[in-house]
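Given next are the chains, with one letter for each unit.
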Amino acid sequence: MKNIVTNTPAFTVDIFNEGVDVPEINQVILLRPTESPIIFVQQLGRGLRKAEGKEFVIVLDFIGNYQTNYMIPIALSGDRTGNKDNIRRSLMEGNNIIKGSSTIYFDEIARERIYKSIDAADLNQIRLLKKEYQSLKYKLGRIPHLKEFDEMGELDPLRIIDKKGSYEAFLRDYEDDFTVKWSDKQYQFLEFISRKFASGMRIHELALLRILIDESELADLWETLLLNRYGITLDEAARNNVAAVLRGDFFRGERFHVCLAEQKEGRFFLSDLFAKALIDDTFKAAVRELLEFGIYRYKRDYAKPYNGTQFNLYKKYTYSEVCWLLGWKKEEVSLNIGGYKYDSYSKTYPVFINYEKDEDITATTRYEDRFTDPSSLTAISKSRRTVESDDVQNAVHSEERGILMPLFVRKNKDDQSSKDFYFMGTMRHNGHLHQFVMNDTDDVTAVEIGYKLDTPVESNLYEYITEQSL
């Protein structure tokens, strides 16, 4: 390949998508469409290699890839989650997503067009997932394992899980070489483990299930093993939360009322149904792979939680995951939480901020929550509150009452692809307190509360959250 003359054009179909390293390439002409971000990244990457005397690369698009130009920030950031909020943030951050001395700039017109492309895209349509899956299978010559999607830089397998419930359900429906036969109950077990634990967000259930399956004689020591292997200690609320989750009593929704393990006299055992399902060696192997993948993801993404919490700074969490990781007795629906909720059992008080509000919402829900600087937040209580209301007083006196107040923020709640919030750390009252009558009402009161964040919001995320959307 070193003898290739770079001034001589070469026309290929798929051959040069990957596995070819010609750093001197300084122009890429796109003559075929693609809806796959992975293929687009590979095609664009042919011209992004540095070489002596090469200052830039020209990309000429003759076939309308501008209609799928949401793939540009995906290509530059390397994000594989398919999350539109992540892609928008990558676009806004521009130069910050590229390491080294390279620069990139999107003018306002280009940004607006890419934002519209992001809004219109269906990034998790099954046709695209199947195509990207087949690309990896073709490389490997066999059905890929979950971890291989990460190792090969392909699509995030959590996207398949989000779409189909489990990787195995995807294979059952779309892969001819997948020939195992399992019961509906076995697939329900796989969906529960996949949807709730495969992300690696918390190690507790993953570690315990692995012990119960492979080291059952150590079940009495699981808390000691959790401490020795992962440096985690449990309080009573966390113990009860783990038990409720594995009993199938914590999460809402019939498909999550699945009992994986039970406690008898303080000791955990696999449930009879789950133990029976594990007699099938192929099913047991699939469960083991899921647990190992979750543990790997925990070590990679979540092993350094923020002080005194089970959350990682600037990672994203849904309402359900916040209830779970705070150790509540049961998952609460978002309508019951609203902008915040105090849980007396765990002594936690999460605050949720939708930074951009819909102009059509009612006056009593049009809260003007706002950052005044990266360390300071002004948030509005629920309507019909006074400075003497219990929830207001708990917020004001959280520190002295031993109440943990984690902050979660998302840019725009109306983006249906972004159901989760950025964890911004913990906070406490800063002394500002003001009761007022809400706009467009006669006598409905609320309270403006000032907070000091224990950790200032990092600059790129702060700019993204507070920037007015195009």
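First things first, this report covers the structure right here in the doc. Just so it is clear, the model here is predicted, and its values are computed rather than measured. (Residues numbered from 1 in each chain as written. Predicted model: local features only at pLDDT ≥ 70, side-chain atom pairs only at ≥ 80, totals over all residues. Heavy atoms only, no water.)

## Structural notes on the overall build of the chain
(1) Moving on: Helix and strand content of the chain: 18 helices and 11 strands.
(2) Moving on: For the chain, the accessible area works out to roughly 23800 Å², and carbon and sulfur atoms hold 48% of it. (Helix = DSSP H or I, 4+ residues; strand = E, 2+ residues; numbered from the N terminus. Areas by Shrake-Rupley, 256 points an atom, 1.4 Å probe, with all protein chains shown as cover.)

## Let's talk about the packing of aromatic side chains
(1) Moving on: Scanning the entire structure with this criterion turns up 35 aromatic pairs.
(2) Moving on: Relative to phenylalanine 170, the ring of tyrosine 167 lies with its centre 6.5 Å away and its plane at 15°, an arrangement referred to as stacked. Of this pair, tyrosine 167 and phenylalanine 170 both sit in helix α8 (residues 167-174), 3 residues apart, roughly one helical turn.
(3) Moving on: In this structure phenylalanine 170 comes out as buried when scored by relative accessible area, which is 1%.
(4) Moving on: The structure contains a cluster of three or more aromatic residues connected by ring pairs, namely Tyr302, Tyr306, Phe311, Tyr317, Tyr319, Phe352, Phe408, Phe421 and Phe423.
(5) Moving on: Over the ring of phenylalanine 269 we find lysine 264; its NZ or CZ atom is 5.6 Å from the centre of that ring.
(6) Moving on: Directly above the aromatic system of tyrosine 302 lies the positively charged group of lysine 315, at a separation of 5.5 Å from the ring centroid. (Phe/Tyr/Trp six-rings, centres within 6.5 Å; stacked < 30°, edge-to-face > 60°. Buried < 20%, exposed > 50% of the residue type's maximum accessible area, 1.4 Å probe, protein only. Lys NZ or Arg CZ within 6 Å of the ring centre and 35° of its normal.)

## Remarks on a nonpolar patch on the surface
(1) Moving on: Nonpolar side chains collect at one region of the surface, where Ile29, Leu31, Phe56, Ile58, Leu60 and Phe62 lie side by side and expose about 580 Å² of accessible area between them.
(2) Moving on: Looking at where leucine 60 falls in the secondary structure, it is placed in strand β2 (residues 58-61).
(3) Moving on: Owing to a relative accessible area of 32%, leucine 60 belongs among the partly exposed residues under this scheme. (Patch = residues over 30% accessible without salt bridge, like charges linked within 9 Å, V, L, I, M, F, W, Y side chains within 5 Å. Salt bridge = Lys/Arg side-chain N within 4 Å of Asp/Glu carboxyl O.)

## Side note on the pairing of strand β9 (residues 406-412)
(1) Moving on: Most of β9 sits inside the fold, with 6 of its 7 residues counted as buried.
(2) Moving on: Sheet topology places strand β6 (residues 351-356) next to β9; 5 bridges connect them, and they run parallel. Bridging from a neighbouring strand, phenylalanine 352 pairs with phenylalanine 408 of β9.
(3) Moving on: Of the strand pairs in this sheet, β9 and strand β10 (residues 421-437) are connected by 3 bridges, and their pairing is antiparallel. Residue pairing across strands places proline 406 opposite threonine 426, the latter belonging to β10. (Pairing = 2+ DSSP bridges.)

## Quick notes on the pairing of strand β4 (residues 267-270)
(1) Moving on: Only one face of β4 is covered, namely the face carrying Phe268 and Leu270; the face carrying Arg267 and Phe269 is uncovered.
(2) Moving on: Sheet analysis places strand β3 (residues 261-264) next to β4, joined by 4 bridges and oriented antiparallel. Across the sheet, residue glutamine 263 finds its bridge partner in β4, namely phenylalanine 268.
(3) Moving on: In this antiparallel pair of consecutive strands, β3 and β4, the connection spans 2 residues, and glutamate 265 shows a positive phi of 55°.

## Comments concerning the side chain of serine 346
(1) Moving on: Among the structural elements, serine 346 can be located in the loop between α16 (334-337) and β6.
(2) Moving on: Overall, the relative accessible area of 17% leaves serine 346 in the buried class.
(3) Moving on: In terms of polar contacts, serine 346 uses its side chain to reach the side chain of threonine 348, at 2.7 Å.
(4) Moving on: Sequence-distant contacts of serine 346, defined by excluding residues within four places in its chain, comprise Leu326, Gly327 and Trp328. (Polar contact = N/O pair within 3.5 Å; in protein donor to acceptor, adjacent residues only side chain to side chain. Contact = heavy atoms within 4.5 Å.)

## Notes on the packing of helix α9 (residues 184-197) against helix α14 (residues 281-302)
(1) Moving on: Interaxial distance between α9 and α14 falls to 10 Å at its minimum, and their mutual angle equals 5°. As the angle between them shows, α9 and α14 are arranged roughly parallel. Taking contact as the criterion, the partners of Gln186, Phe189, Leu190, Ile193, Ser194 and Phe197 in α9 are, on α14, Phe283, Ala286, Val287, Leu290, Leu291 and Gly294. (Axes fitted to C-alpha atoms, helices over the stretch in contact; angles between N-to-C directions. Parallel < 35°, antiparallel > 145°, perpendicular 65-115°, else oblique.)

## Focus on the packing of helix α7 (residues 157-164) against α8
(1) Moving on: Their axes nearest at 8 Å, the elements α7 and α8 cross at an angle of 75°. When the axes of α7 and α8 are compared, the pair comes out roughly perpendicular. Each of Ile160, Ile161 and Lys164 in α7 lies in contact with α8, whose residues at this interface are Tyr167, Ala169, Phe170, Asp173 and Tyr174.
(2) Moving on: Among the residues forming the contact of α7 with α8, the class breakdown is 6 nonpolar, no polar and 2 charged. (Nonpolar A, V, L, I, M, F, W, Y, C, P; charged D, E, K, R; others polar.)

## Comments concerning the nonpolar core
Soluble, globular proteins show a tendency: their nonpolar side chains are buried together.
(1) Moving on: Grouped together as the largest cluster of nonpolar side chains are 79 residues, with contacts concentrated most on Phe197, Ile203, Leu260, Phe274, Phe283, Val287 and Tyr317.
(2) Moving on: Sort the elements by how many residues they give to this core and α14 lands first, with 10 residues.
(3) Moving on: If we skip the residues at most four places from it in the chain, phenylalanine 274 touches Phe189, Ile193, Leu209, Ile213, Cys259, Leu260, Phe283 and Val287.
(4) Moving on: Counting residues in hydrophobic clusters, the runner-up holds 46 residues, among them Ile403, Leu407, Met427 and Tyr451. (Core = buried A, V, L, I, M, F, W, Y, C linked by side-chain atoms within 4.5 Å.)

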